[in-house]
Amino acid sequence: MKKERKEKFETSSGIEIKPEYNKVNDLEPSAGQFPYTRGVHESMYRSKLWTMRQYAGFSTAEESNKRYHYLLNQGTMGLSVAFDLPTQIGYDSDHDFAEGEVGKVGVAIDSIDDMEILFKGIELEKISTSMTINATGFILLAMYIALAKKQGADIKNISGTIQNDILKEYAARGTYIYPPKQSMRIITDIFEYCSLNVPKWNTISISGYHIREAGSTAAQELAFTLANGKAYVEAAIEKGLDINVFGKRLSFFFNAHNNFFEEVAKFRAARRMWADIMKKLGATEPRAQMLRFHTQTGGSTLTAQQPMNNISRVTLQALSAVLGGTQSLHTNGYDEALSLPTEEAARIALRTQQVIANESGVVDTVDPLGGAPFIESLTNEIEEKAIEYINKIDAMGGAVKAIEEGYVQREIANASYKYQQAVETEKEVIVGVNKYQIEEEVKEASFKVDDSIRKVQAEKIERLKASRDNKKVADCLKQLEKIADSDKNLMSTVIDAVENRATLGEIADILRQKFGEYKG
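Residues numbered from 1 in each chain as written. Predicted model: local features only at pLDDT ≥ 70, side-chain atom pairs only at ≥ 80, totals over all residues. Heavy atoms only, no water.

K.L.:
Before we move on, could you go through the packing of helix H12 (residues 309-323) against helix H13 (residues 343-359) and cite the residues and values that matter?
P.N.:
Following both chains from N to C, one finds H12 and H13 inclined at 45 degrees, their axes separated by 10 Å at the closest point. Taken together, the axes of H12 and H13 lie oblique to each other. Remark: the crossing between H12 and H13 carries right-handed chirality. Here H12 contributes Ile311, Thr315, Ala318, Leu319 and Val322 to the contact with H13, which in turn contributes Ile348, Thr352 and Ile356. (Axes fitted to C-alpha atoms, helices over the stretch in contact; angles between N-to-C directions. Helix = DSSP H or I, 4+ residues; strand = E, 2+ residues; numbered from the N terminus. Parallel < 35°, antiparallel > 145°, perpendicular 65-115°, else oblique. Left-handed = near helix turned anticlockwise from the far one by under 90°. Contact = heavy atoms within 4.5 Å.)

K.L.:
Lay out the pairing of strand E2 (residues 78-82) in plain terms, naming residues and giving numbers.
P.N.:
Both faces of the sheet carry side chains from a regular strand, because those side chains alternate between them. Counting buried positions along E2 yields 5 of 5 residues, so the element is predominantly enclosed. Neither face of E2 is left uncovered, since the one carrying Gly78, Ser80 and Ala82 and the one carrying Leu79 and Val81 both have all their residues buried. Across 4 bridges, E2 lies against strand E3 (residues 128-132) in parallel orientation. Bridge assignment links valine 81 to a residue of E3, and that residue is methionine 131. (Buried < 20%, exposed > 50% of the residue type's maximum accessible area, 1.4 Å probe, protein only. Pairing = 2+ DSSP bridges.)

K.L.:
Describe helix H16 (residues 407-424), listing the residues and the values that go with them.
P.N.:
A rise of 1.5 Å per residue sets the reference length of H16, with its 18 residues, at 26 Å; its end C-alpha atoms lie 26 Å apart and thus fit the reference within 8%. Considered for burial, the residues of H16 that qualify are Tyr407, Val408, Ile412, Ala415, Ala422 and Val423. Along H16, the residues classed as buried sweep out an arc of 150 degrees about the axis, all on the same side. Exposed and oriented more than 90 degrees from the buried face of H16 are Tyr417 and Glu424. Looking one or two residues past H16, glutamate 426 carries a phi angle of roughly 65 degrees, positive in sign. (Expected span 1.5 Å × (residues − 1). Arc of directions from axis to C-beta.)

K.L.:
Can you break down the pairing of E3 residue by residue, with the values?
P.N.:
Of all 5 residues that make up E3, 5 are buried, and the element is covered over most of its length. Residues Ser128, Ser130 and Thr132 of E3 are buried on one face, and the alternating residues Thr129 and Met131, pointing to the opposite face, are buried as well. Here E3 runs beside strand E4 (residues 159-162); their pairing, made up of 4 bridges, is parallel. Within E4, the residue paired with methionine 131 across the bridge is isoleucine 162. Following the chain from E3 across helix H4 (residues 137-150) to the adjacent parallel E4, one finds a crossover that is right-handed. (Right-handed = clockwise from strand over helix to strand, strands pointing away.)

K.L.:
So what's going on with the packing of aromatic side chains? Residues and values would help.
P.N.:
According to the stated counting rule, one finds 20 aromatic pairs in the structure shown. When the centroid spacing of 5.1 Å and the interplanar angle of 75 degrees are considered together, the rings of tyrosine 45 and tryptophan 50 count as edge-to-face. As far as the burial class goes, tyrosine 45 and tryptophan 50 line up, both buried. Consider the rings of phenylalanine 254 and phenylalanine 293, whose centres lie 5.7 Å apart with planes at 70 degrees: the pair is edge-to-face. You can see phenylalanine 254 sitting in strand E7 (residues 250-256) and its partner phenylalanine 293 sitting in strand E8 (residues 293-297), a full 39 residues away along the chain. For the pair shown, phenylalanine 254 and phenylalanine 293 are each scored as buried. The cationic tip of lysine 392 hangs over the ring face of tyrosine 389; the distance from NZ or CZ to the ring centre is 5.7 Å. (Phe/Tyr/Trp six-rings, centres within 6.5 Å; stacked < 30°, edge-to-face > 60°. Lys NZ or Arg CZ within 6 Å of the ring centre and 35° of its normal.)

K.L.:
Tell me about the nonpolar core, residues and numbers included.
P.N.:
Within the largest apolar cluster, 125 residues are counted, with the highest numbers of intra-cluster contacts made by Trp50, Phe119, Met131, Phe138, Ile507 and Leu511. For this core, the element with the most residues is H4, which contributes 11 residues. Once you skip the residues sitting within four places of it in the chain, phenylalanine 138 turns out to touch Tyr178, Ile186, Ile190, Met491, Val494, Ile507 and Leu511. (Core = buried A, V, L, I, M, F, W, Y, C linked by side-chain atoms within 4.5 Å.)

K.L.:
Before we move on, could you go through H4 and cite the residues and values that matter?
P.N.:
Helix length check: H4, at 14 residues, gives a terminal C-alpha distance of 20 Å against a target of 20 Å (1.5 Å per residue), a fit within 8%. Counting buried residues along H4, 12 of its 14 residues qualify, which places the element largely inside the surrounding structure. What H4 keeps buried is the set Gly137, Phe138, Ile139, Leu140, Leu141, Ala142, Met143, Tyr144, Ile145, Ala146, Leu147 and Ala148. Phi turns positive, to about 90 degrees, at glycine 152, one or two residues after H4.

K.L.:
Provide a residue-level description of the packing of helix H6 (residues 180-197) against helix H8 (residues 218-238), including the pertinent values.
P.N.:
To describe two helices that pack against each other, one gives the angle between their axes and the distance between the axes. Between H6 and H8, the least distance of the axes is 10 Å, while the angle of their chain directions is 70 degrees. By the criterion of interaxial angle, the relationship of H6 to H8 is roughly perpendicular. Facing Met184, Ile187, Thr188 and Phe191 of H6, the residues of H8 in contact are Ala231, Tyr232, Ala235 and Ala236. A breakdown of the residues in the contact of H6 with H8 according to their chemical character gives 7 nonpolar, 1 polar and no charged. (Nonpolar A, V, L, I, M, F, W, Y, C, P; charged D, E, K, R; others polar.)

K.L.:
Which residues make up the pattern of salt bridges, and what values go with them?
P.N.:
Counted under the stated rule, the structure contains 32 salt bridges. In this structure, the salt-bridge partner of aspartate 394 is lysine 230, at a minimum N-O distance of 2.7 Å. Here aspartate 394 is found in helix H14 (residues 373-396), whereas its partner lysine 230 is found in helix H8, with 164 residues between them in sequence. When its relative accessible area of 34% is taken as the criterion, aspartate 394 is described as partly exposed. Across the pair glutamate 506 and lysine 465 runs a salt bridge, and its minimum N-O distance is 3.9 Å. A residue pair is termed long-range when its members are at least 10 positions apart, and glutamate 506 in helix H20 (residues 504-515) and lysine 465 in helix H17 (residues 453-467) qualify at 41 residues. (Salt bridge = Lys/Arg side-chain N within 4 Å of Asp/Glu carboxyl O.)

Any functional reading would require information that these geometric values do not contain.
Have a look at this one:
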C-alpha cells in the first residue's frame, strides 16, 4: 500500500477511520483489484488526492498565461487548456472562417510562438497539462513537445493529456476536420509515437462529457464512451501496437450531472465495464485494464437565472465525482451560463474542491458508499443498460459504423427531447428556471473577449512569416505531404514543422488536401 497522507485518519470525535468498509461479501474485490469497481488504487485518496484542475483559456496567449499563474497561485495542481474554435478546427486566426471566433471560447494558438507565450514562466516538466483538443490534437501536442524541448526538458518526463477523441465529435460536438478513417490513423500515430517517446503522456481522453452535454442519459454517456474507447483500442491493435503498452496511457473524461447517486454508480460501473472490455481484448497488465478518468461538472446544468444556485449544483456534482473515485476534477464557475468565468467564480470553483478534500471527511476511506444496497443496485442496473447499447453497437459493426449510420446521434437527440419535455411539463424541476423563480434583472456578460483579438493574432502571424525561414517551412510541409501518402507515422514530421514555425493552419491544410474533409 502507498504511504498515506496522515498517520491516522479519525473523526472529530476521535473515532478512527479504517481504509475500507462495506465490502458486499468476501468475494467482492477491494479497491486496486480487478475489476476496480471500488477504485483503481488500493488506498485511493488516503494516499493521494485527485488532481484539482481549472479549465481556462481565452483571448490571447498572454491573457491566458496570466490566468494560469493566478490559478497556480490559488492552489490548482494541474492546468487544463481551452482552445478557441478556429484552433480546434484547424484555421489560423487570419483565415476568413475565423472571423468573429478568435479567442472567444478559448485561447488562440497559431504557432509555437503562441505556445511559448501561453506557458511563459511555467516549467512543463513540473506541471501536468490537459488540453481539450481533438481534430488538431496532434499539432498542439507537437507544439507542446517542441516547447518542452526548447525549455530543456526531457520529453520522457513531461505529463498531461490531449483529449484527441474524434469519434464523439462526429456524434455530439462537431469540431472534426478529416473523415473517420484518416482521423483514426492520426490517433493511432499519436499512440505509437508517445509510447516510444513521451511515455508519461495520456494519448487520449475518451470523452463522455460532450455526449452528456448534448443531452444523453447517464447510461448512454457510459455506453457510447466505452464503445468509442473500444474502437480506438481495436484500431491500435490492428496497427500492431501492444495493448499492454498503449492501454496504460488511455484515460477517460466524464460529466458529473445532477442525479447524485446515479452519477456515483455510473463512475463505479465504468471502471468495472472497461476492465472487462480490456481483458477480453487481450490486456493482461493491471494498469492497462484500469479506467482512469477526469471529471468536469455539468456545463449544461448551469442556469443564467439565479446563478448563485450554481454553486450548490457544482458542489453536489463535484462530490459525486469524488465519491465515484475520479483521478482529476474541474469545477465550473457559477457565472459560466452568462460568460467566461470571472476570477472570483474560478476561485470559488477551486475552493469547492479544496473544501471537499480538506473539510468533508469523504476522502478518509475508500469508496465510502460502496456496499450500500441502493448504490450497488444502481451500479449493476446502469451497467446492464450500458451493455445493451454496446451490444447493439457491436452488432452494427462497431462505434465508427454506428456513428456513420447516425444511430448514436439519434439516441442522444431522442433523450435530449424527452428531457426537455419533462422540464417544460415540470416533471423535472430546475430550481429558479421552471420553479421557485424570482424577479431579477437580465444580467450582462461580466467577462467578454473583444473582437480586436483577431487583429492582434493576425499581426503576430504576419511577423512570424516575415521572420522565419520560409524555405525550411515549405520543405517540412512537402515532407508532411509525402508521409501522409505513406503508412509512416506523422508525428515526427509535424514536430519538425512546428519547430520551424509552421502555423497550425498550414499543417492542417496539408492534410485537408491529402485526406479531404468530413461533411457529416
